Amino acid sequence: MLERHELETFLTLAEELHFGRTAERLGVSTGRISQTVKKLERRVGTPLFARTSRSVRLTPVGRRLHEDLRPVRLQMLAALERAVAAGRGVHGTLRAGFAAPWSGELLTAAADAFLARHPGCEIRVREVPLDGGFQPLHDGELDLHLTAFPVREPGITAGPVLAAEPRVLLVPAAHGLARRASVCLEDLAGVPLVAPAGANPRYWLDAHYPERTPTGAVIPRGPVAATWQEVLSQVSAGRGVSPGAARGARYHPRPGIAYVPLRDAPPVEYGLIWPTAAENALIRAFAEAVTGAADVRP
């Protein structure tokens, strides 16, 4: 029967094909690696590696042993991870919310990766309307929400920024601003702004849907929209303009809407939020999974 260190030594050397790198990865001396391999080869009764002064390679028997043992190690690691997760309380159902389609895709991708490691959990992903604000978290309907910052809510923890998107202005295609290469916040003076209302706090609306330009000119309110589809319909119909993230142009292309860069506005920052009092191992673990998925997505 293989001991754990023999299994790790053989599989690591089969991957690295270099005694020095194998020793470095396992934190032991090259002599210890050589002794372990020789002991294993004596047990098998034939060389597992062909060694020269310049190279190391698997023999046919070694290659077959590697193919047989590699799934065993993966199963062992998965079992250990499940045990650690259970010990830390990573179990149960988590409800995650999003507003923008791309953030829904991110949560779904993170959930797939997370459930592969924690099959005993359940992740439910649902859309939150624009006018829902942070109320689903306050009401206990969600455990986690991927949303646009800023978030300064009592009893709500905000994680790090996961994505920052250049800000654009959604403009009716026939509007004069649609022909510009870019616009600035002062260009919003006197132009009706399509914006959500509902449960969104005042500071959040001010950050995304200001009522005045930097010099104090009034930005009038246009129609109220509860969802992104309503925003798109109102803008396309020529009833106003609306700020958004540049990524929206890929998700909501419409002939009646132009996405014009808003050159002097800060980027839209997105991150995860969750109820502080309800934070647990499952929320922390899934937040880490979403962060990891965000790092590899464009």
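One can find the structure itself at the top, above this paragraph.
Residues numbered from 1 in each chain as written. Predicted model: local features only at pLDDT ≥ 70, side-chain atom pairs only at ≥ 80, totals over all residues. Heavy atoms only, no water.

### As for the overall build of the protein chain
Along the protein chain, the regular secondary structure elements total 10 helices and 12 strands. Taken over C-alpha atoms, the radius of gyration comes to 27 Å for the protein chain, far larger than the 19 Å a tight globule of 298 residues would show. Its C-alpha atoms give the protein chain principal-axis dimensions of roughly 85 × 45 × 30 Å. For the protein chain, the proportion of its 298 residues judged to be buried stands at 45%. (Helix = DSSP H or I, 4+ residues; strand = E, 2+ residues; numbered from the N terminus. Rg over C-alpha atoms; globule rule 2.2 N^0.38 Å. Buried < 20%, exposed > 50% of the residue type's maximum accessible area, 1.4 Å probe, protein only.)

### Some remarks on the pattern of salt bridges
In the structure shown here, the tally under the stated rule is 15 salt bridges. With a shortest N-O distance of 3.1 Å, Arg124 and Glu122 are connected by a salt bridge. The exposure class of Glu122 is partly exposed, given its relative accessible area of 35%. Each of Glu15, Glu16, Arg21 and Arg25 takes part in a single network of salt bridges with overlapping partners. (Salt bridge = Lys/Arg side-chain N within 4 Å of Asp/Glu carboxyl O.)

### Some remarks on helix α3 (residues 30-44)
Over its 15 residues, α3 extends 21 Å from the first C-alpha to the last, a length consistent with the 21 Å expected when each residue adds 1.5 Å. Turning to α3, its buried residues are Ile33, Thr36, Val37, Leu40 and Glu41. Down the axis of α3, the sector holding all buried residues measures 135 degrees, keeping them to one side. More than 90 degrees from the buried face of α3, the exposed residues found are Gln35 and Arg42. For α3, the elements touching its buried residues are α1 (4-16), α2 (19-26) and β1 (49-51). Backbone geometry just after α3 places Gly45 at a positive phi near 95 degrees. (Expected span 1.5 Å × (residues − 1). Arc of directions from axis to C-beta. Contact = heavy atoms within 4.5 Å.)

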